[in-house]
Structures are given as C-alpha cells and as structure tokens.
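Each chain, letter by letter, is given below.
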Amino acid sequence: MIYNVRGKLTYTDPQFVVVECGGVGFKCFTSLNTAKSVGKIGSEVNLFTYLSVREDAMDLFGFSTQTELDSFKLLITVSGVGPKAAIAVLSELSPDKLAIAIAAGDSKAITKANGVGKKTAERIVLELKDKMVNMSSGEISSAAASAISAVEETASAEAVAALVALGFSQSDAAVAVGQMDKSLSADEMIRLGLRQLSRNL
C-alpha cells in the first residue's frame, strides 16, 4: 500500500524514526542498522516501507535499502516470526550476514537477536535456506554470495565444516572460505582459513 516515504527526518529512536512528508509525520519502526544509517534530524531520508495491519494496530516499518525490506518480508513468512521479531533479527544481522548464516545453517548467530530463541532460529534456517540462496544472486553483496557458494561446493564445504569443528562459527568460516580461490584443495583452504580467522580473534 505504501511503497516508500521520503521527507525530513524529525525524530529518531533506537526502535523507530519519524519522517515528515507533506506536513504529516510517519512513525516507522526500524532495525538498528537502518536507524544508524538515516542521518541527522533535519536531513532528507527515503525509507522503503511495509505496512503491518492487525485487528488492534497498523504499524509502518521502514528500511534504508530494498534488500533489507526483502529480507524482512522473507522473515515474516516463517511460522512464528512476526514483524517485531524480524526487526530484531535485522537489528543483529545485516541482510548479507543473515543470508550467510542461513546458508551455513548457523542458527546460533540468529539467536543473538533479542527475543529469538533456538527453535525459532532453527525454523528460520530451515524455511528460508532455499529462498535466501535464490535471493543472493542479485540482491546481496558479492562477498556474501561467495560465502554462500562456499557452503554449497564440496571442497569449500569440507573446509568450512573443518573450521567449525575447530571452534569457529559457521558464518565466519563460510566468509573466510568464500574469499578463497576455488581451485584450492580442502586442506589448503583449512590452512589459510585458520591463519585468517586466528588473526581476527
């Protein structure tokens, strides 16, 4: 119904911002990532929006990018995940990091979102794995797409699994391996991944 709102930013809060358009202030619930990116009060802002209609409320959700909005729409298709939970996930994980976590089966990364438990995180991974991979082709960064590919390719997948067994998170391992030359053997990828990830500790 409302595709986007463009206007002057008049108020910011960790959970929402207010955008004035034609003398009307629209309260848009946002992720922390969007709230940080909108700029200072008084500046012009454009948010892609989603209108949630319930019996007792109409809430407008705003996103700084189309990709974040698309990720939000995918999240709320998951059973038991409402708009507020989806916003919590996107406050913890950018669309790129969310796509990597889902592709890698890293439900633990999703449980870091406020109010999202283990079962809900596992359901997000299970129900969105194929959808996120399809979305990755043009809507997330090339680095994230490489990480997702690393999870799916045999040698890369073996290297990711080995790094996870050594104590690194699936998401971090997938990102590290995704940046490597695909002609390398699994052993070489593991060795390089260990060197890179140990530097980040």
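Our subject is the structure listed above.
Procedures and definitions
- Residues numbered from 1 in each chain as written.
- Predicted model: local features only at pLDDT ≥ 70, side-chain atom pairs only at ≥ 80, totals over all residues.
- Heavy atoms only, no water.
- Pairing = 2+ DSSP bridges.
- Helix = DSSP H or I, 4+ residues; strand = E, 2+ residues; numbered from the N terminus.
- Core = buried A, V, L, I, M, F, W, Y, C linked by side-chain atoms within 4.5 Å.
- Buried < 20%, exposed > 50% of the residue type's maximum accessible area, 1.4 Å probe, protein only.
- Expected span 1.5 Å × (residues − 1).
- Arc of directions from axis to C-beta.
- Salt bridge = Lys/Arg side-chain N within 4 Å of Asp/Glu carboxyl O.

Our focus in this paragraph is the pairing of strand S3 (residues 24-29). Where strand S2 (residues 16-21) and S3 come together, six bridges link them in antiparallel fashion. By the bridge assignment, Cys-21 is partnered in S3 with Val-24. What sits between S2 and S3 in their antiparallel hairpin is a turn of two residues, with Gly-22 showing a positive phi close to 60 degrees.

Here the focus is the nonpolar core. Counting 29 residues, the largest nonpolar core has Leu-75, Val-89, Leu-98, Ile-110 and Ile-124 as the members making the most contacts within it. Looking at this core, the elements with two or more residues in it are S2, strand S5 (58-63), helix H2 (66-75), helix H3 (83-92), helix H4 (95-103), helix H5 (107-110) and helix H6 (118-139). No other element matches the five residues that H3 contributes to this core. Counting eleven residues, the second largest nonpolar core, distinct from the first, contains Ala-176, Val-177, Met-180 and Met-189.

For the rest of this paragraph, the subject is helix H10 (residues 186-199). Here H10 contains 14 residues, and its C-alpha end-to-end distance of 20 Å stays within 8% of the 20 Å for a straight helix at 1.5 Å per residue. Of the positions making up H10, those classed as buried are Ala-186, Met-189, Ile-190, Gly-193 and Leu-197. One side of H10 carries all its buried residues, which in axial view fall inside an arc of 100 degrees. More than 90 degrees from the buried face of H10, the exposed residues found are Asp-187 and Arg-199.

Oppositely charged side chains may form a pair once their charged atoms are brought near each other. Summed over the entire model, instances satisfying the criterion amount to three salt bridges. Two residues, Glu-44 and Arg-6, come together in a salt bridge whose shortest N-O distance is 3.4 Å. Placement of the pair is Glu-44 in strand S4 (residues 44-53) and Arg-6 in strand S1 (residues 4-12), with a sequence separation of 38 residues. Take Glu-44 and Arg-6: they sit in the same class, and that class is exposed. With a closest N to O distance of 3.4 Å, Arg-54 and Asp-56 form a salt bridge. Assessed through its relative accessible area of 44%, Arg-54 is described here as partly exposed. Asp-56 gets classed as exposed once you look at its relative accessible area, which sits at 64%.

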